[in-house]
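# What the coordinates show
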Amino acid sequence: MDIKGSIVLVTGGNRGLGKAFVQKLLEAGAKKVYVGSRTPIEATDPRLQPIKLDVTNEQDIAAVAEAAQDVNILINNAGIASSTSVLTEPSIQIARDIMETNYFGMLAMVRAFAPILKKNGGGTIVNVLSVLSWFTTPTTTSYAATKAAALLLTDGIRVELRSQGTQVVAVHVGFMDTDMATHVDPSRKVSPVDVATSVIEGVINGQEEVLADETSRYAKAALASDKKSFYQPIQADWDKAQQQI
Ligand SMILES: NC(=O)c1ccc[n+]([C@@H]2O[C@H](COP(=O)([O-])OP(=O)(O)OC[C@H]3O[C@@H](n4cnc5c(N)ncnc54)[C@H](OP(=O)(O)O)[C@@H]3O)[C@@H](O)[C@H]2O)c1
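The rules behind each value
- Each chain carries its own residue numbering, running from 1 in the direction its sequence is written.
- Given that the model is predicted, a residue must reach a pLDDT of at least 70 before its local features are reported, and side-chain atom pairs must reach 80 or more before they are shown or counted; all residues, however, enter totals for whole chains, interfaces and linings.
- The side-chain numbers reported here are obtained from all heavy atoms of the structure, hydrogens and water having been left aside.
- Counting from the N terminus, the helices are DSSP H or I runs at least four residues long and the strands are E runs at least two residues long.
- Throughout, a contact is declared for two residues whenever any of their heavy atoms are within 4.5 Å.
- Surface accessibility follows the Shrake-Rupley procedure with a 1.4 Å probe radius. Residue values consider only the protein chains on display as shielding.
- Under the counting rule used here, the positive set is Lys and Arg, the negative set is Asp and Glu, and His together with the chain ends is not counted.
- The atoms used to mark charge sites are NZ of Lys, CZ of Arg, CG of Asp and CD of Glu.
- The rule for a residue being near a molecule or strand is that one of its heavy atoms must lie within 4 Å of it.
- Polar contact criterion, stated in full: a pair of N or O atoms within 3.5 Å, where within protein one must be able to donate a hydrogen and the other to accept it, and residues adjacent in sequence count only if both atoms are side-chain atoms.
- We call two strands paired when DSSP finds no fewer than two bridges between them.
- In this analysis an axis means a line fitted to C-alpha atoms, helices contributing only their contacting stretch, and an angle means the value between N-to-C directions, from 0 to 180 degrees.
- In what follows, salt bridge is the name for a side-chain nitrogen of Lys or Arg lying within 4 Å of a carboxyl oxygen of Asp or Glu.
- In this scheme Phe, Tyr and Trp rings, the latter by its six-membered ring, pair at centre separations within 6.5 Å, and the angle between planes marks the pair as stacked below 30 degrees, edge-to-face above 60, and tilted otherwise.
- A 1.4 Å probe rolled over the protein chains alone gives each residue an accessible area, and that area as a share of the maximum for its type sets the label: buried under 20%, exposed over 50%, partly exposed in between.
- Seen with its strands pointing away from the viewer, a crossover is right-handed when the path leading from the first strand over the helix to the second is clockwise.
- In plain words, nonpolar cores are sets of buried Ala, Val, Leu, Ile, Met, Phe, Trp, Tyr and Cys residues tied together by side-chain atoms within 4.5 Å.

Broken down by element type, the chain carries seven helices and seven strands. For the chain, the α and β elements follow one another from N to C terminus as β-α-β-β-α-β-α-β-α-β-α-β-α-α. By its C-alpha atoms, the chain is 55 × 35 × 35 Å across when sized along the principal axes. In the chain, once contacts between residues fewer than 6 apart in sequence are set aside, the share between residues at least 24 apart is 66%. As displayed, the chain has an accessible area near 12300 Å², and 53% of this comes from carbon and sulfur atoms. On the chain, the mean spot of the 23 positive side-chain charges and the mean spot of the 26 negative ones are 3 Å from each other.

Have a look at this one:
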């Protein structure tokens, strides 16, 4: 699908990968970009349409769907994470909160916008997932479970929406240089602008899956051939960390 002349809604468009999407979409010729965020951004570019959107808030989603009837590309980017063990997290509520945003928020957006995309000729849905849609580590399990759920949501709606001509794109990436990954060594992170660029190329080329960095390409290949070996260094790191406590 061509980006030139398109009308796009980006969730969590105020910072991180979402902000990079907004920048690259304008460069690629998008006619209008709705920048969805919990606190609307200030924008001077007339092509930008800031809009209040908390993806866990049903009223926000209904109001955005009402206001943005011209959208033909939806980018489900908003997300949160945690980095503690599911067994020792102070409350199970942390896991529920991440699921509420990363899975139910995405689902609610898809349900609201699938009819709008149909009306506008089919369009595209981009779901930002992770390498952690495919595997986990002890400190990422709450987050990974939401991304695994979001992957199956993505696969299911792709089948369901094919007949209305909607392209559904799954985006997998390892660490990016955003607020979400401030704790990660810079050498392990890729630029969100590069990821946004790869995703936009993927949309233009009609791809159903974008593996946006080396980590995601490696993980997909390694897991397909030998899951047990893939988990051995994760187990070793965890065991070593436990001995140091
Ligand atoms: N960073 C990584 O290493 C990495 C790796 C793989 C995948 N991802 C995924 O990439 C996507 C973007 O993350 P990021 O790295 O750009 O993280 P980020 O810098 O922390 O940005 C997260 C964005 O999501 C928004 N958001 C959170 N909860 C929301 C809600 N309920 N409603 C609307 N917006 C909400 C935030 O808005 P506020 O400013 O209001 O908080 C912010 O705009 C996420 O889906 C994340 O899971 C990230």
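Next, the rest of the story.
In the neighbourhood of the ligand, 28 residues make up the surrounding shell, with Asn14, Arg15, Arg38, Tyr143 and Thr178 lying closest. Note that an oxygen atom of the ligand is positioned 2.6 Å from one of the side-chain N or O atoms of tyrosine 143. Contacts to the ligand include threonine 178, whose side-chain N or O atom sits 2.6 Å from an oxygen atom. For the shell around the ligand, the elements supplying multiple residues, two or more each, are α1 (16-27) and α4 (141-161).

What follows deals with the sheet that holds strand β2 (residues 32-37). Within a sheet, each strand pairs with its neighbour through backbone hydrogen bonds, oriented either parallel or antiparallel. Within the open sheet, the seven strands sit side by side as β3-β2-β1-β4-β5-β6-β7. Their pairing is parallel. On the outer flanks of this sheet lie β3 (48-52) and β7 (209-211), each paired with one strand and no other. Across this sheet, the average inter-strand angle for adjacent strands is 15°, counted without regard to direction. Strand direction decides the pairing type here: strand β6 (residues 167-172) and β7, joined by three bridges, are parallel. Across the sheet, residue histidine 172 finds its bridge partner in β7, namely leucine 211. Strand contacts of helix α2 (residues 58-67): β1 (7-11), β2 and β3, with the helix running at about 150° to β3, the strand carrying the most contacts.

In this structure the tally under the stated criterion is eleven salt bridges. The residue lysine 189 makes a salt bridge to aspartate 177 at a minimum N-O spacing of 3.8 Å. Of the two residues, lysine 189 is situated in the loop between β6 and α5 (192-204) and aspartate 177 in the loop between β6 and α5; the sequence distance between them amounts to twelve residues.

Let us look at the packing of aromatic side chains. A complete count under the given rule lists four aromatic pairs for this structure. Taking 5.0 Å as the distance between ring centres and 75° as the angle between the ring planes, the aromatic pair formed by tyrosine 103 and phenylalanine 104 counts as edge-to-face. Measuring from ring centre to ring centre gives 6.2 Å for tyrosine 218 and phenylalanine 230, while their planes differ by 25°; the resulting arrangement is stacked. Residue tyrosine 218 is located in helix α6 (residues 214-225), and its partner phenylalanine 230 is located in helix α7 (residues 227-243); the two are separated by twelve residues in the primary sequence. Using a relative accessible area of 11% as the deciding quantity, one classes phenylalanine 230 as buried. Ring pairing ties together the aromatic residues Phe135, Tyr218, Phe230 and Tyr231, which thus form one cluster.

Residues of strand β4 (residues 73-76) alternate between two faces, with Ile73 and Ile75 on one and Leu74 and Asn76 on the opposite face, all of them buried. Summarising the sheet, β1 and β4 pair through three bridges and their orientation is parallel. The residue of β4 that forms the bridge with leucine 9 is leucine 74. Pairing of β4 with strand β5 (residues 124-128), which is carried by four bridges, proceeds in the parallel orientation. If you follow isoleucine 75 over to β5, its bridge partner there is valine 126. In this fold, the crossover linking β4 to β5 by way of helix α3 (residues 93-119) has right-handed handedness.

Moving on, we come to the nonpolar core. The nonpolar side chains of a soluble globular protein tend to be buried with one another. With 29 residues, the main nonpolar core has Leu9, Tyr34, Val71, Met109, Phe113, Ile125 and Ile157 as its most contacted residues. Secondary-structure elements contributing two or more residues to this core are β1, α2, α3, α4 and β6. Here the element with the most residues in this core is α3; it accounts for eight residues. Excluding residues that lie within four positions of it along the chain, tyrosine 34 makes contacts with Ile7, Val8, Leu9, Val10, Gln49, Ile51, Ala67, Ala68, Asp70 and Val71. One finds Val8, Leu17, Ile75 and Val126 within the second-largest nonpolar core, a separate group that totals 28 residues.

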